[in-house]
Amino acid sequence: MLVKEVMTPHVVSIAPEESAALAARLLARHGLGALPVCSAEGILRGMVTDRDIVLRCIAAEEDPAQVPVRDIMTRNCATVSPG
């Protein structure tokens, strides 16, 4: 089986400069646990998860509306090609 056979065709992503609050709303709205963080050119910069928001923002007593996703995302993600 190839990765492209199980890939989601419509990916919801977020830009690094967007807020953790927006990331949380997108996760809730789409029933997701993680979002790819992509540059304007569509290059993967990291991933942000609901756990990242809770541990790196909420538990750290930061304001999710003021914390950019780039500050709490996981970097250096492993990737594979569709083929």
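Just above, that's the structure.
Definitions and limits used
- Residues numbered from 1 in each chain as written.
- Predicted model: local features only at pLDDT ≥ 70, side-chain atom pairs only at ≥ 80, totals over all residues.
- Heavy atoms only, no water.
- Helix = DSSP H or I, 4+ residues; strand = E, 2+ residues; numbered from the N terminus.
- Polar contact = N/O pair within 3.5 Å; in protein donor to acceptor, adjacent residues only side chain to side chain.
- Contact = heavy atoms within 4.5 Å.
- Buried < 20%, exposed > 50% of the residue type's maximum accessible area, 1.4 Å probe, protein only.
- Core = buried A, V, L, I, M, F, W, Y, C linked by side-chain atoms within 4.5 Å.

## Focus: the side chain of Asp52
In this fold, Asp52 is placed in helix H2 (residues 50-58). Polar side-chain contacts of Asp52 include one of 2.9 Å to the backbone nitrogen of Thr49. Non-local contacts of Asp52, meaning those with residues more than four positions away in its chain, are made with Met47, Cys57, Ile72, Met73 and Thr74.

## Digging into the environment of Cys38
One can find Cys38 in strand E1 (residues 34-38). Note: C-alpha distance between Cys38 and Val3 (35 residues apart in sequence) is 20 Å. Setting aside residues no more than four positions away along its own chain, Cys38 makes contact with Ser13, Ile14, Ala15, Pro16, Ile43, Leu44 and Arg45.

## Observations concerning helix H1 (residues 20-30)
What sets the pattern is the α-helix's 3.6 residues per turn: residues three or four places apart point alike. Those residues of H1 that fall on the buried side of the exposure criterion are Ala20, Ala21, Ala23, Leu26 and Leu27. Directly beyond the C-terminal end of H1, a positive phi value near 65 degrees is found at Gly31.

## Topic: the environment of Ser13
Along the chain, Ser13 falls in the segment before H1. Between the C-alpha atoms of Ser13 and Thr79, which are 66 residues apart in sequence, the distance is 15 Å.

## Points about the nonpolar core
Ranked by internal contacts, the top residues of the largest apolar core, which has 14 residues, are Ile14, Ala23, Leu35, Val48, Val69 and Ile72. Residue assignment for this core shows that the elements contributing at least two residues are H1, E1 and H2. Every residue in contact with Val69, bar those within four places of it in the chain, is listed here: Ile14, Ala15, Pro16, Glu18, Ser19, Ala20, Ala23, Val37 and Val48.

## Some thoughts on the environment of Ile72
Position of Ile72 among the secondary structure elements: in the segment after H2. Along the chain, Ile72 and Ile53 lie 19 residues apart, while their C-alpha atoms are 6.9 Å from each other. Contacts of Ile72, omitting those with residues within four sequence positions, involve Ala20, Val48, Asp52, Ile53, Arg56, Cys57 and Val67.

## Focus on the side chain of Ser39
Mapped onto the secondary structure, Ser39 falls in the loop between E1 and strand E2 (44-49). Beyond its immediate stretch of four places on either side in the chain, Ser39 contacts Pro16 and Arg45.

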